[in-house]
Each structure stands twice: as structure tokens, then as C-alpha cells.
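Structural description and commentary
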Amino acid sequence: MWWKFLIYLVMTAVIVLAFITASPMNPVSSLGGPEVYRIFYFHVPQAWVATIAFLMAIFFSIRFLQTRRMDYDVKASTACRLGLLFSILATISGSIFARMTWGEFWNWSEIREVSIFVLLLIYGGYFAFRSAVSDEQTRAAFSAVLSILFGVSAVFLIFILPRIYPVFSLHPTDSIVNGRISITMSPMVAIIFGLSLVSFTALFLWIYKLSVEIFTLARYRAGER
Amino acid sequence: MPLPANSVNWAAKVLAVTGKDIISEFRTRFAVNAIVMFALVTLTVISFALGVLQPAAEIMAAMFWIILFFAAMSGLAQAFIKEEESGTALILKLSCDGIVIFFGKFLFNLLLLIVLAILIVPLFIVLLNTTAENWLLFIAGLVLGMIGLSGATTIIAAIVSKASIKGALFTVLSFPILMPLLAAVIEITKIAFIDGRFSDAAAPIQMLIAFDVVMITLSVMLFDFVWRH
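Quantities reported herein were computed from a predicted structural model and do not represent experimental measurements. (Residues numbered from 1 in each chain as written. Chains lettered and ligands numbered in written order. Predicted model: local features only at pLDDT ≥ 70, side-chain atom pairs only at ≥ 80, totals over all residues.)

**A short note on the overall build of chain B**
Helix and strand counts for chain B come out as 9 helices and 0 strands. Going from the N terminus to the C terminus, chain B shows its helices and strands as α-α-α-α-α-α-α-α-α. In terms of C-alpha radius of gyration, chain B reaches 18 Å, essentially the compact-globule figure of 17 Å for 229 residues. If you line up chain B on its principal axes, its C-alpha atoms span 55 × 35 × 30 Å. Expressed as a percentage of its 229 residues, the buried residues of chain B come to 48%. Within chain B, contacts between residues separated by at least 24 positions form 87% of all contacts whose residues are at least 6 apart in sequence. (Helix = DSSP H or I, 4+ residues; strand = E, 2+ residues; numbered from the N terminus. Rg over C-alpha atoms; globule rule 2.2 N^0.38 Å. Buried ≥ 20, exposed ≤ 12 C-beta atoms within 10 Å, placed from the backbone. Contact = placed C-beta atoms within 7 Å.)

Take a look at the structure:
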């Protein structure tokens, strides 16, 4: 219980600090001035949480295929659901960010924008498939296979594709592609960013735990075992 | 994952599955017709719509793969749907290992795509007035792309054969998985059309090979769970 209050506090602190401290970057060009970059504190953790969610989905799908226990199916599909939610959030915040820094809401030549769009299609398709199969066991088994296939594709799209085509990337390449967290982040910025990352992850895990409980209870209610 | 007991027989079994599919395809010609007619129609529409316009070679490369991709989407799911509909799926499951079936169907789909390519490439060149400057690179990209197309979609076809809205679901599920493949293969074809050298296309070729290997390996590992359900 205490950790819920901790999440409340830390997240509130992050949101407040994100707006009252100095902006994270000195922009070369942006339509809104340096203030625009504050969205970085929220956009990156959302994308990060979506990636974690999809990786969790792969793990639980593998466990389901090994043990055939339905609770792993609930966990895998909930992870995919939340991954989709946070991908949508990352797309929206990214789109706003893009408009203010690069001038357009959407740009098909930006490889990461294309990747996130394909991720949305992937997990949208996952749920389309789930609703097209009525038998529970078949649905669970095939969804597990799909989420492993899709998860690996997601890894391809998020990590590999942008590194093969750095030319098509407006995203800052030296911190993302080469993995060096930009040393030009001042300590204050690094702290707030780190706290944001941690609190988003904690929030995601909390929502995840609640969702799994809800879906499990719904299944018991419906009489399935 | 069960390993085949006798590897010499394994290749023969795979070819037997492919052979059976080819023979049954000769009789009914569902999949071949679907794929070839779809590609022809798309090619005709594009040619007609362009009229006298002569877009750049890069655009033509993208068009080529649009035709191939949608033709594949219309026809490649047939391999498993035909099994479900004619009731032979159960007997097939009883007679062979999952891996044998996977490679048998994979080779059959690959053959369908090769037939398609043989028919479409000359027509594409004639109707749309494009030539590939670097033939070797074009063929290399084509072959690797077809291996990837067939490899990644075979397991999706097996999954979709048990669902309700098969055709639409097949396209919806396949496209995102194929996206890295399409990105790489269109890039290679563009370079081939404007007379690049192999070294220019090194990065997409590497990614294509990596994609093919990863997808086929994953599919082989996961196929049994779908097939033996």
C-alpha cells in the first residue's frame, strides 16, 4: 500500500519539476522555443514502458506454451493491452513533439515514427485476432504464438531498423543509436528523467497488476477454469 | 520440438509434402490463379493509371513490391485453408512431423511466388517501361525477399486457417511482421533499378538475410504449437 503513495508523490514531483526547472535541451531549431523539450520527460518513458510491456508479453507467452496454464494467457494478453495503450500515448506525445521541433505532426520518412505506427498495427492485429477466435484454448495458444512472433518483430522494429537506417532518423542518433546517454544532460535533467522513468515503470506495473486481477476475476465469474 | 528420426528420409518427406501440394494445385489451380490474376490486375491498373507518366525508377521499385506483396497476401494463405476446407488437415497432422509440414508448405509457397515473379517481371518491364540496371542485384533481392515473404507468412497462414475472417486477418497479421522485409527489399530494388553496386546495398541485404533467418527459425520453433493444437 505504501508504494502507491510513493508513486503518487514521485510522479507529482516529476510533473511539477518537469515544468519549473530548466528545459532539458538547448534547441537548434524549434517552433516553441526551449520549453517544447519538456515533453521529453514524458515521451521517452512511455515508449520505454511499451517496450517493457511487449517483452513481458513474450515471456508470459513462452510460459503459457510450456505449461498451458490459462493465467499466463491472461498475463500475456494484459501485457499486450497495456503495451498498446502506452504505444498510443507515445505516438501522441511524439507527434506533438514532432510538430513543435521538426514542423510536422507526422513524417513518413522518420524511421521511428514508421516503427511506432507498425507497432500499433501489430498489436491492434493481435486483438483483432483474439476477437476472431471463439474457442478459448485455441485463442490462448495462437495468441501466445502470435505475441512471440510479434514481440520479435517489435524488437526488430524498435532496436534494429533505426540503427540500419540512421540516415532516415530525426531522433537524436548519438544517444539512442549508439547507446550513450547524452553527457550533455545536466544533473538536474538526468535526475528528473530518471525519476520519470522509474515512476512510469512503477505506474505501469501497478496498472498491470490491477488489470490481471480484474481479468482473472472476470474469468472466474464467467465460470471458466 | 521433436527431431526427425532419420534425416535422409526427412528431405524426402518435405519434398513429398510439396509435391502433393503441387499436384493438387495443378488440379484446381486456386492459389496460382488467385495470385497471378491479382498481380496482373494490379499491374494493369497501375499501368493504366500512370498513362504517359514515367515516374522515377525508385517509385517503380516500390510499385513492384506493392504488386508482389498484395498478390502474396491474396494467395499464400491458401496452403492451409485448402487443408481445412477439404478435411485433410487431420490426416496430414497424423502423418508427418510439424517441421516437415512447415518446410513442405514453405517450399510450396516459395514456388508459387517464383512462378509469379517469372510471369510478372517481364510484364512489369514491358508495361511500365522500366529496366533493372543491375540484374544480379535485382534477382538477389527478389529471391531473398521471396524467401522472407514465404517464411514469415507460412506460420501466419496456419494460424489464420482456424480463425473466422481468414483473408482480412491474414493481411492484417502479416503486414506488420513483413515491414522490415519490405523496407529492406524495396531499398535493394531501388538500388538495382538505378544501377547501384552490391556494396551500396550491403546494409539492406544484411538485414534481409538476418530477417529471413530469424523469421524462419522462429516459425520452425513455434509451428508445432500451432499445428499440434
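**Section: the overall build of chain A**
Along the backbone of chain A there are 7 helices and 0 strands. Put simply, chain A runs from its N terminus to its C terminus through helices and strands in the order α-α-α-α-α-α-α. For chain A, buried positions account for 37% of its 225 residues. Long-range contacts, defined here as pairs at least 24 residues apart, represent 73% of the contacts in chain A between residues at least 6 apart.

**Some details on the environment of Leu208 of chain B**
All names here are of chain B. Residue placement: Leu208 occurs in helix α9 (residues 202-227). Placed 63 residues apart in sequence, Leu208 and Gly145 show a C-alpha to C-alpha distance of 7.3 Å. Not counting residues up to four positions away in its chain, the partners in contact with Leu208 are Leu144, Gly145, Gly148, Leu181, Ala184 and Val185.

**Here we look at the interface of chain B and chain A**
Taken together, the contact pairs 22 residues of chain B with 22 residues of chain A. Contributing elements (two or more residues each) for the side of chain B that touches chain A: α8 (166-193) and α9 of chain B. Per element, the largest residue contribution to the side of chain B that touches chain A is 9 residues, and it comes from α8 of chain B. By residue class, the composition of the side of chain B that touches chain A is 19 nonpolar, 2 polar and 1 charged. (Nonpolar A, V, L, I, M, F, W, Y, C, P; charged D, E, K, R; others polar.)

**A short note on helix α6 (residues 98-128) of chain B**
Residues and elements named next belong to chain B. In a regular helix each residue adds 1.5 Å, so 31 residues correspond to 45 Å; α6 covers 42 Å between its end C-alpha atoms and thus fits that length. Most pronounced at Ile120, the bend in α6 amounts to some 25°, and the proline Pro122 follows within four residues. Of the residues flanking the end of α6, it is Asn129, one or two places downstream, whose phi is positive at about 60°. (Expected span 1.5 Å × (residues − 1). Bend = angle between axes of the 7 residues up to and from the residue.)

**Considerations on the packing of α8 of chain B against α9 of chain B**
All names here are of chain B. Two elements in contact, α8 and α9, have axes separated by 9 Å at closest approach and are oriented at 145°. Crossing hand, α8 versus α9: left-handed. Here Pro180, Leu181, Ala184, Val185, Glu187 and Ile188 of α8 lie close against α9, whose contacting residues are Pro204, Ile205, Met207, Leu208 and Phe211. Partitioned by chemical class, the residues of the contact of α8 with α9 number 10 nonpolar, no polar and 1 charged. (Axes fitted to C-alpha atoms, helices over the stretch in contact; angles between N-to-C directions. Left-handed = near helix turned anticlockwise from the far one by under 90°.)

**Re the environment of Ala132 of chain B**
Residues and elements named next belong to chain B. Counting through the fold element by element, Ala132 comes out in the loop between α6 and α7 (135-160). The exposure class of Ala132 is buried, given the 23 C-beta atoms found within 10 Å. In this structure, the C-alpha to C-alpha distance between Ala132 and Ala192, residues 60 residues apart in sequence, is 5.9 Å.

**Observations regarding the nonpolar core**
In terms of nonpolar packing, the biggest core is built from 134 residues, with Ala53 and Val145 of chain A together with Val226 of chain B touching the most fellow members. At 16 residues, the largest contribution of residues to this core is made by α8 of chain B. (Core = buried A, V, L, I, M, F, W, Y, C linked by C-beta atoms within 7 Å.)

**Overview of unusual backbone geometry**
Residues and elements named next belong to chain B. Located in the positive-phi region is Arg29, a residue other than glycine, with phi close to 55°. With respect to the helices, strands and loops of the structure, Arg29 is situated in the loop between α1 (7-28) and α2 (30-50). Arg29 sits in the exposed class, given 11 other C-beta atoms within 10 Å. Of note in the backbone geometry, Asn129 takes a positive phi value of approximately 60° without being a glycine. Following the sequence through the fold, Asn129 ends up in the loop between α6 and α7. When the 11 C-beta atoms within 10 Å are taken as the criterion, Asn129 is described as exposed.

**Overview of the environment of Leu205 of chain A**
Residues and elements named next belong to chain A. As for its placement among the helices and strands, Leu205 is situated in helix α7 (residues 187-221). Owing to 17 C-beta atoms within 10 Å, Leu205 belongs among the partly exposed residues under this scheme. Separated by 66 residues in the primary sequence, Leu205 and Arg139 place their C-alpha atoms 25 Å from one another.

**Thoughts on the packing of α7 of chain B against α9 of chain B**
Residues and elements named next belong to chain B. Between α7 and α9, whose axes approach to 9 Å, the crossing angle comes to 20°. When the axis of α7 is compared with that of α9, the two are roughly parallel. For the crossing formed where α7 meets α9, the hand is left-handed. Facing α7, whose interface residues are Leu144, Gly145, Ile147, Gly148, Gly151, Ala152, Thr154, Ile155, Ala158 and Ile159, α9 presents Leu208, Ile209, Phe211, Asp212, Met215, Ile216, Ser219, Leu222, Phe223, Val226 and Trp227. (Parallel < 35°, antiparallel > 145°, perpendicular 65-115°, else oblique.)

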